[in-house]
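Residues per chain, in single letters:
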Amino acid sequence: MEYLDFELPIKELEEQLDKCMIIGQESDVDVSETCKQIEKKLADTRKEIYKNLTAWQRVQLSRHPNRPYTLDYINAICGDTFLELHGDRNVKDDKAMIGGLGKIGDQSFMFIGQQKGYNTKTRQYRNFGMANPEGYRKALRLMKSAEKFNIPVVCFIDTPGGAAGIEAEERGQGEAIARNILEMTRLKVPIIVVIIGEGASGGALGIGVGDRVLMLENTWYSVISPESCSSILWRSWEYKEVAAEALKLTATDMKKLKLIDEIVREPAGGAHANREKTFEVVKNKIVAQFEVLEKLSPKELVSARMDKYAQMGVFNG
Amino acid sequence: MTAWFRRKEKGIQTATEEKKDTPKGLWYKSPTGKIVESEVLAKNFYVSPEDDYHVRIGSKEYFEILFDDNKFRELDAKLTSKDPLKFEDTKKYSERLKAAQKKTGLKDAVRTGFGKSMGKDIVIACMDFNFIGGSMGSVVGEKIARAIDYAIKKKVPFVMISKSGGARMMEAALSLMQLAKTSAKLAQLAEAKLPYISLCTDPTTGGTTASYAMLGDINISEPGALIGFAGPRVVKEATGKELPDGFQTAEFVKEHGFLDFISHRRDLKKKINLYIDLIQNNPVRSEEISA
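An unreviewed UniProt entry annotates chain B as Acetyl-coenzyme A carboxylase carboxyl transferase subunit beta originating from Zobellia uliginosa. What UniProt states about chain B under its Catalytic activity (unreviewed entry) heading is, verbatim, "N(6)-carboxybiotinyl-L-lysyl-[protein] + acetyl-CoA = N(6)-biotinyl-L-lysyl-[protein] + malonyl-CoA".

Looking at an unreviewed UniProt entry, one finds chain A named Acetyl-coenzyme A carboxylase carboxyl transferase subunit alpha and attributed to Zobellia uliginosa.

Below is the structure:
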């Protein structure tokens, strides 16, 4: 397990607890009372730390190396019914954007999401979860296919942004994202979007237009990352914490601004502290939302979706 | 003697919106060094006559070029930005807004108008780069959405002239959602089978490119315009590579298949209306008849 700087008190207590238990096993000294005390302190500390997280700490948590990624969710939710589908039918198969069909109970879903790697090699293979135009086009191909067969779509968002590169520009990164956004506003099947980690800008929105947009508690969603915002507006990388506050990028802020529909609570200590529990919570949320959405006709669905986005924005006059 | 040329102040940085990009005064000097009288420039569609350099212009000039006799009714002229996030970086967003309004005489970064072009009704939305880098916030999104609604109501074509650095950071996710809002409206325009012409002008980048700018029934541009998703500086930083010649120019973007054609500014009005007549299977209008 890896620890973020503000998680260090937790690490310390966990180590103490380990030592205490080892002493208990290896000697005749009764340590159960001490262990219990440490356990309680650990639970209290964890609660205290996670109760008062700053926006920047949530950004750090959203990138926690032990946090579950898209395929972890899908594999846990669908088990061996998941069938991954590849390719955009134009250029190549983007490894930063994955998709495929899977079952929850008796219902098939089309799952789509950005995929990050868990070590240096796989992080490069997945391009750090930054999709190229072919990734967005693959996502669109799968969505259109789902629409054709009346299969609901679930999108998992976890990206530091769309890929920025010479080839991305040559192949029309802007057009690819724009096309997805437009097509998603009128797709005739339910779309449920779950932000599971980072939700950066157009790269996120390119698979992020939905009837329901859910955000896990320790994730962020905005027009730009706090680091880039700091570099552009403050002309220095030093203001990322301030920028994170200013951007109002947490789930609580996003709900308050009516830009997302629901916050999904994470287990104590964050999604990475209890992955199985997180998968179960997310699965139940998807099912609950689908049960509401499946009652709507395609026409009602699309018109409600368009109305929802038409309402977004704050202005005078 | 080098002291003559030494900068007295170190680290002078000019915010994008403060940089001068419109012709002011009596003379204009193009990037290749050609000098032209401002009046001559205006008569030549703000294109430097000697080297065809297309000077950056705003909604005032584009409306003048595209609407017959510069006659049009401005839509939603009173919409202004709020500061819902109470955003503050080195300056308060509310102060930036006030300063931009004062400097440009504009209310925000887009103006929308209804009028006739070559004798036929049309709705045109045009962005102003002078206003906080032509950034797209709630007002820009709302005005474009309403302009499209108006085009649908009047059953007329819609022209969008983009000129923007992208989404407005000071409105954070609210500005991001304008991509979805405007795209949803464009889907409704498409449903109504009304032509949508997207004119990408210098510069069209970021969230603008990732939404309405790339979604035209035709996407067109002017010579030399910068068009891209990530700006050249970002791409260079991200890749560590030298950028190819002409990277992200209109010519480059057309060559890669994302623009239908590039038009000299003097021909814009004719070509846009020709497309409208062709796609709607109407008799082709000529400028003499409409004038």
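A. Up close: the state of the cysteines. Residue and element names in this part refer to chain A. Under the criterion given, the structure shown has 1 disulfide over all chains. Note that C20 is cross-linked by a disulfide to C35, the S-S spacing being 2.4 Å. Looking along the S-S bond of the C20-C35 disulfide, the torsion reads about -120°, which is the left-handed sense. Placement of C20 in helix 1 (residues 8–26) and of C35 in helix 2 (residues 32–51) is noted, with a sequence separation of 15 residues between them. The exposure classification of C20 matches that of C35, with both residues buried. The structure places no disulfide on C155, whose sulfur is separated from the nearest cysteine sulfur, that of C78, by 14 Å.

B. Inspection of the environment of A:K92 at higher detail. Residue and element names in this part refer to chain A. Among the secondary structure elements, K92 is positioned in the loop between strand 1 (83–84) and strand 2 (97–104). K92 sits in the partly exposed class, given a relative accessible area of 42%. Taking C-alpha positions, K92 is 33 Å from I232, a pair spaced 140 residues apart along the chain.

C. Just the sheet that holds strand 10 (residues 261–262) of chain B, in detail. All names here are of chain B. One open sheet holds the 7 strands; their spatial order is 3-5-6-7-8-9-10, and the pairing between them is mixed. Lying at the two open borders of the sheet, with one neighbouring strand each, are strand 3 (72–75) and strand 10. Here 6 bridges tie strand 7 (residues 158–164) to strand 8 (residues 196–204), and the two strands are oriented parallel to one another. Its bridge partner being in strand 8, V159 is matched across the sheet by I197. Each of strand 3, strand 5 (110–117), strand 6 (120–127) and strand 7 touches helix 4 (residues 138–154); the most contacted strand, strand 5, lies at about 20° to it.

D. Quick look at the pairing of strand 6 of chain B. Residue and element names in this part refer to chain B. Most of strand 6 sits inside the fold, with 6 of its 8 residues counted as buried. For strand 5 and strand 6, the ladder comprises 8 bridges, and the chain directions are antiparallel. If you follow T112 over to strand 6, its bridge partner there is A125. Remark: 2 residues form the turn of the hairpin made by strand 5 and strand 6, two consecutive strands paired antiparallel; M118 in that turn has positive phi of roughly 50°.

What counts, and at which threshold
Residues numbered from 1 in each chain as written. Chains lettered and ligands numbered in written order. Predicted model: local features only at pLDDT ≥ 70, side-chain atom pairs only at ≥ 80, totals over all residues. Heavy atoms only, no water. UniProt positions renumbered as here; feature names shortened; annotations may be inferred. Disulfide = S-S within 2.5 Å. Helix = DSSP H or I, 4+ residues; strand = E, 2+ residues; numbered from the N terminus. Buried < 20%, exposed > 50% of the residue type's maximum accessible area, 1.4 Å probe, protein only. Pairing = 2+ DSSP bridges. Contact = heavy atoms within 4.5 Å. Axes fitted to C-alpha atoms, helices over the stretch in contact; angles between N-to-C directions.

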